[in-house]
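Okay, here's what each chain looks like letter by letter:
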Amino acid sequence: MVNPQQLDAALRTALETAGRGHRGANPLVGACILDAAGNIIATGYHLGAGHPHAEVDALRRLGKIAKSTAAELTMIVTLEPCNHTGRTGPCAQAIAQAGIGQVHYAVSDNTSASGGAQYLRSQGITVSKFADDTAAKNLNHRWFLAKEAQRPFITVKLAQSMDGRINAPDGTSQWITSVASRNHAHSLRSRVDAILVGTNTAVLDNPRLSARTPDALLYENQPYRLVMGQRELPADLALMQSPDWEQIRTHDVHEVINRANELGISHLLIEGGASVASAFIDADLADELYCYQAPLIIGAGKASVTLPTTTLSQAHRYRLDVASNESLARMGDDIMLHLEPLPHS
């Protein structure tokens with residue numbers, strides 16, 4: 001018989017395991033499977049959109065087991081199992097088909113994927129919710145906020161010198177950060193639904209905005225390209241080589257979000273320039289930041305972020321995203337900081 005102390009310990013393990021995934025369109029989720037004595041015999045996590053959910057990952061790691069034996073097992077999940085078919089099938093059905101006898105989850109799912117607990121109960125499975133869901137809610141506090149606001153999860157990428165510059169006074173900027181940083185940024189592009197830049201960045205830097213491997217090959221998943229601003233764009237820009245792009249003629253971040261919702265974008269990456277990134281940060285629409293910090297001091301040039309701050313109390317405060325699989329890492333000679341806003345009080 002699994003006791004409450006073992007359940008709490010398993011939840012802590014599930015929360016830690018969840019951090020092996022990537023933030024984005026889907027939340028970080030971890031799962032544990034306990035045997036009849038309360039020992040953890042399998043763990044799972046959700047890597048990101050399109051990959052197996054944590055529950056299915058844990059079941060796969062558990063391997064084949066007779067249903068009569070499975071009925072003695074308990075699954076612990078940081079989020080209520082989904083009852084929804086999207087890029088993957090419903091986790092609630094997978095749990096029921098495996099024959100798991102008990103399921104305990106930390107946070108109820110109030111999105112379109114909800115209903116897993118009810119389905120499991122209808123299949124004769126014992127289901128309960130942990131009384132204290134604080135840690136599990138905190139794990140994905142920005143994802144929940146984005147869902148409540150009915151908008152994409154938004155990532156802002158900054159690549160800057162030690163003194164926060166993104167170019168020199170003459171406009172040169174290639175390359176401030178290292179090859180390793182740029183490769184990591186390309187892998188980030190491959191995980192999102194769309195990339196947004198301003199018209200100045202599109203014209204002056206002329207980026208392709210594709211997601212490329214270190215060998216210069218295209219990742220299987222390529223993001224949709226969005227350009228924000230009123231400026232007329234030349235017809236020969238590199239990003240126009242593919243039809244998967246459009247210009248949103250506005251400087252209003254909320255109009256951009258509305259269009260992103262119309263396009264079905266669930267994870268949006270803001271790549272620049274400074275004005276665009278600053279607008280999303282100032283509006284508290286940056287759910288996570290990747291900051292690539294290069295070991296050079298330029299001394300002048302454009303700042304990576306420009307906000308209407310007049311006193312320290314107005315500063316936007318962040319913390320290392322220690323729950324994720326990467327919070328602070330060396331990228332060649334650079335340092336990569338993965339940051340998230342402090343939870344709203």
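Heads up: the structure comes first, above all this text.
Residues numbered from 1 in each chain as written. Predicted model: local features only at pLDDT ≥ 70, side-chain atom pairs only at ≥ 80, totals over all residues. Heavy atoms only, no water.

Novice: Describe the layout of surface pockets, and please don't skip the residues or the numbers.
Specialist: By volume, the largest pocket amounts to about 1300 Å³. Around the largest pocket sit 47 residues that line it, and Lys157, Ser173, Thr201, Asp205 and Glu271 are the ones nearest its centre. Broken down by secondary-structure element, the contributors of at least two residues to the lining of the largest pocket are strand S6 (153-160), helix H8 (179-189), strand S7 (194-198), helix H9 (199-204), strand S10 (267-272) and helix H11 (274-282). When residues of the lining of the largest pocket are assigned to their parent elements, the largest contribution, seven residues, is made by H8. Of the residues belonging to the lining of the largest pocket, the class tally is 19 nonpolar, 20 polar and eight charged. (1 Å grid on protein atoms, 1.4 Å probe; cavity = no way out; pocket = protein on both sides within 12 Å on 5 of 7 lines; lining within 4 Å. Points joined across faces, edges and corners; volume = space filled by probe spheres on them. Helix = DSSP H or I, 4+ residues; strand = E, 2+ residues; numbered from the N terminus. Nonpolar A, V, L, I, M, F, W, Y, C, P; charged D, E, K, R; others polar.)

Novice: So what's going on with unusual backbone geometry? Which residues, and what values?
Specialist: The peptide bond linking Gln174 to Trp175 adopts the cis configuration, its omega dihedral lying at 0°. Structurally, Trp175 is set in the loop between S6 and H8. A cis amide bond links Gly272 to the next residue, Gly273, at an omega of 5°. Tracing the backbone shows Gly273 in the loop between S10 and H11. A positive phi angle is found at Asn206, which is not glycine, with a value near 50°. Within the fold, Asn206 resides in the loop between H9 and strand S8 (224-228). For Asn206, a relative accessible area of 34% puts it in the partly exposed group. Phi is positive for Asp284, which is not a glycine, with a value near 55°. (Buried < 20%, exposed > 50% of the residue type's maximum accessible area, 1.4 Å probe, protein only.)

Novice: Go over the pairing of S6 with me, naming the residues and quoting the values.
Specialist: By the criterion of burial, S6 is predominantly enclosed, with seven of the eight residues buried. Sheet topology places S6 next to S10; four bridges connect them, and they run parallel. Looking across to S10, one finds that Thr155 is bridged to Leu269. Alignment of S6 against strand S11 (residues 288-293), held across six bridges, turns out to be parallel. Across the sheet, residue Val156 finds its bridge partner in S11, namely Leu289. (Pairing = 2+ DSSP bridges.)

Novice: Got a sec to walk through the nonpolar core? Specific residues and values, please.
Specialist: One recurring pattern in soluble globular proteins is that nonpolar side chains are buried together. Core analysis: the biggest nonpolar cluster contains 41 residues, and Ile33, Met75, Ile76, Ile100, Val103 and Leu120 have the highest contact counts within it. No other element matches helix H1 (residues 4-18), which puts six residues into this core. Residues within four places of Leu120 in sequence aside, it is in contact with Pro81, Ala92, Ile95, Ala96, Val103, Ile125 and Val127. Membership of the second largest hydrophobic core comes to 24 residues, among which are Ile154, Ile265, Leu285 and Leu289. (Core = buried A, V, L, I, M, F, W, Y, C linked by side-chain atoms within 4.5 Å. Contact = heavy atoms within 4.5 Å.)

Novice: So what's going on with the packing of helix H2 (residues 54-62) against helix H4 (residues 91-98)? Which residues, and what values?
Specialist: Contact geometry for H2 and H4: axes closest at 9 Å, N-to-C directions at 25°. Overall, the two elements H2 and H4 adopt an arrangement that is roughly parallel. Between H2 and H4 lies a crossing whose hand is left-handed. Each of Glu55, Val56 and Leu59 in H2 lies in contact with H4, whose residues at this interface are Cys91, Ala94, Ile95 and Ala98. Among the residues making up the contact of H2 with H4, the classes are represented as six nonpolar, no polar and one charged. (Axes fitted to C-alpha atoms, helices over the stretch in contact; angles between N-to-C directions. Parallel < 35°, antiparallel > 145°, perpendicular 65-115°, else oblique. Left-handed = near helix turned anticlockwise from the far one by under 90°.)

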